[in-house]
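One letter stands for each residue in the lines below.
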Amino acid sequence: MKRRNFIKNAALTSAGLVIGNSLTSCNNSESKEENNETIVSTDEEKLPLVIATWHVKNATARAMEILQSGGTSLDAVEQGCMVEEADIKNSSVGKGGLPDRDGNVTLDACIMDKHGNCGSVIYLQSITHAVSVARKVMEDTPHVMLAGEGAKQFAISQGFKEEDLLTETSKKAWEDWKIKSEYKPIINIENHDTIGMLAIDKNGDIAGACTTSGLAYKMQGRVGDSPIIGSGLFIDNDIGGCVATGLGEEVVKTVGSFLVVELMRQGKSPQEACEEAISRIVNKPNSNYKDFQVGYIAVNKKGETGSYSIHQWFSMTKFQDGINEQIQSDFYYEAENS
Ligand code: SD4
């Protein structure tokens, strides 16, 4: 695929060494000729590494702390996601997450390990660390998913604390929305914070997790892609992993994360696979993609990474080789196709 291959990077020092014009590669894993420029990556295959959706450097820092001390990728992604779940300033995750249109904060989360085991919680209320409950479902039940009251009762039985997740700020935002709104859920293109995280530990094993309060002001009972294994997240330790963010309904319709991993299995790079998965969404007949955002991040077994979205403003946070950086790409579907 011919593409403009440029990236706006908060810390360009790690993104690659360029001979020729000052371009850096989004797919920072290969040495190649492109438009007569040789792009030589310098940061490939350095493990451990962690990547996450959006701008979550505190979360990736926590995950890397665990990886550096010899922890597993599974521990890293759980602990990394917990940082955002506990941050009441993050209005899309855990405590402080924006509620549904009736004022209920409901959480979706999932986790997947190197063996292909997975666990998820759907429509979980009153428990901040949904990702940890998902891990408990994976490890301590014969099931993969628990929903609603059952998920909450299970969490309480495991020692999780019940608390009010609606903060003063999120309550005020909901009340303001109710006055103005025509009952249209919000999927804000510029500002998502659902956290999806992928990590490779020192042993080269991959794990992933995803946690969210979902679409703000959604209908009561609505579930997105984030707790659906294969849609919001998929890991195959022989191939790689992918996690999604954005309008979950569109991700579910294309089983996006599974698709990305399968495309990598067929030989595509993480970057190419993310691009193909986005093109499946936007090229559907009558797609109204101009009105919503979807973004994917992916990693393969070699530690090569990729990310792609429909619109601008999507970013990936990456911690590798001592550098924790927010990567804001100028390469996204709309820019390439306008
Ligand atoms: C959902 N995918 O519930 C989530 C929302 C999201 O950034 O990712 N927002 O559809």
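None of the values given here were measured: they were computed from a predicted structure.

Before going further, it helps to examine the overall build of the protein chain. The secondary structure content of the protein chain amounts to 9 helices and 16 strands. Within the protein chain, the proportion of its 338 residues that are buried is 59%. The long-range share in the protein chain, meaning contacts at least 24 apart out of those at least 6 apart in sequence, stands at 64%. As displayed, the protein chain offers around 13700 Å² of accessible surface, 48% of which is attributable to carbon and sulfur atoms.

Taken together, 4 strands build an open sheet; the order of strands is β11-β12-β13-β14 and the sheet is antiparallel. At either margin of the open sheet sits one strand with a lone partner, and together these are β11 (233-236) and β14 (305-309). Pairs of neighbouring strands in the sheet enclose a mean axial angle of 10 degrees, with direction left out of account. Both β11 and strand β12 (residues 240-246) contribute to a ladder of 4 bridges, which runs antiparallel. By the bridge assignment for β12, Phe234 is matched with Cys242. Sheet contacts for helix α7 (residues 256-265): β11, β12 and β13 (294-300); angle to β12, the most-contacted strand, approximately 145 degrees. Lying on the sheet, helix α8 (residues 270-282) is in contact with β13 and β14; it crosses β13 at an angle near 150 degrees.

What follows deals with the confidence of the model for the protein chain. Per-residue confidence for the protein chain gives a mean pLDDT of 86; residues scoring 70 or more make up 83%. Between residues 1-44, whose pLDDT stays under 50, and residues either more than four places distant or in other chains, the model counts 98 contacts.

Position of Glu250 among the secondary structure elements: in helix α6 (residues 248-254). Within the structure, Glu250 has its side chain in polar contact with the side chain of Lys253 (distance 3.1 Å). For Glu250, the contacting residues outside a window of four places in its chain are Ile281, Lys284, Phe292 and Val294.

Enumeration according to the criterion identifies 5 aromatic pairs in this entry. Ring centres of Phe234 and Phe258 lie 4.9 Å apart, and the angle between their planes is 85 degrees; on these two criteria the pair is classed as edge-to-face. Taken together, the positions of Phe234 in strand β11 and Phe258 in helix α7 put the pair 24 residues apart, joining distant regions of the chain. Summarising the aromatic geometry, the rings of Tyr308 and Phe331 are spaced 5.0 Å apart at their centres and angled 50 degrees between planes, so their arrangement reads as tilted. One end of the pair, Tyr308, is in strand β14; the other, Phe331, is in the loop between β16 (323-329) and α9 (333-336), with 23 residues separating them in the sequence.

Per the counting criterion, the structure on display carries 17 salt bridges. Note that Glu304 is salt-bridged to Lys302, the shortest N-O span being 3.4 Å. Residue Lys302 is classed as partly exposed on the basis of its relative accessible area of 46%. When salt bridges that share partners are traced, they join Asp75, Glu78, Arg135 and Glu139 into one network.

The next point concerns the state of the cysteines. One pass over the structure, following the stated rule, counts 0 disulfides. Note on Cys81: no disulfide assigned, nearest cysteine sulfur contributed by Cys210 at a separation of 7.2 Å. Owing to a relative accessible area of 0%, Cys81 belongs among the buried residues under this scheme. Since its relative accessible area comes to 0%, Cys210 is described here as buried.

With 8 of 10 residues buried, α7 is to be regarded as a mostly interior element. For α7, the complete set of buried residues consists of Gly256, Ser257, Leu259, Val260, Val261, Glu262, Leu263 and Met264. Check the buried side of α7 and you find it contacts β11, β12, α6, α8 and β13.

This brings us to helix α1 (residues 57-68). Side chains three or four residues apart in an α-helix point the same way, a direct result of the helix having 3.6 residues per turn. Over its 12 residues, α1 runs 16 Å from end to end, which matches the ideal 16 Å to within 8%, given 1.5 Å per residue. Its buried side turned inward, α1 meets β5 (49-53), α2 (73-86), β9 (195-200), β15 (315-320) and β16. At the exit of α1 stands Gly70, carrying a positive phi of roughly 90 degrees.

Where helix α3 (residues 130-140) contacts helix α4 (residues 148-157), the axes come no closer than 10 Å and their chain directions differ by 85 degrees. Taken as axis vectors, α3 and α4 run roughly perpendicular relative to one another. Contacts from Val133, Lys136 and Val137 in α3 reach Ala151, Phe154 and Ala155 in α4. Classifying every residue of the contact of α3 with α4 gives 5 nonpolar, no polar and 1 charged.

You can see Ser69 is positioned in the loop between α1 and α2. We classify Ser69 as exposed; its relative accessible area is 61%. Measuring from C-alpha to C-alpha, the distance between Ser69 and Lys202 comes to 9.5 Å, with 133 residues separating the pair along the chain.

Thresholds applied
Residues numbered from 1 in each chain as written. Predicted model: local features only at pLDDT ≥ 70, side-chain atom pairs only at ≥ 80, totals over all residues. Heavy atoms only, no water. Helix = DSSP H or I, 4+ residues; strand = E, 2+ residues; numbered from the N terminus. Buried < 20%, exposed > 50% of the residue type's maximum accessible area, 1.4 Å probe, protein only. Contact = heavy atoms within 4.5 Å. Areas by Shrake-Rupley, 256 points an atom, 1.4 Å probe, with all protein chains shown as cover. Pairing = 2+ DSSP bridges. Axes fitted to C-alpha atoms, helices over the stretch in contact; angles between N-to-C directions. pLDDT = per-residue confidence, 0-100. Polar contact = N/O pair within 3.5 Å; in protein donor to acceptor, adjacent residues only side chain to side chain. Phe/Tyr/Trp six-rings, centres within 6.5 Å; stacked < 30°, edge-to-face > 60°. Salt bridge = Lys/Arg side-chain N within 4 Å of Asp/Glu carboxyl O. Disulfide = S-S within 2.5 Å. Expected span 1.5 Å × (residues − 1). Parallel < 35°, antiparallel > 145°, perpendicular 65-115°, else oblique. Nonpolar A, V, L, I, M, F, W, Y, C, P; charged D, E, K, R; others polar.

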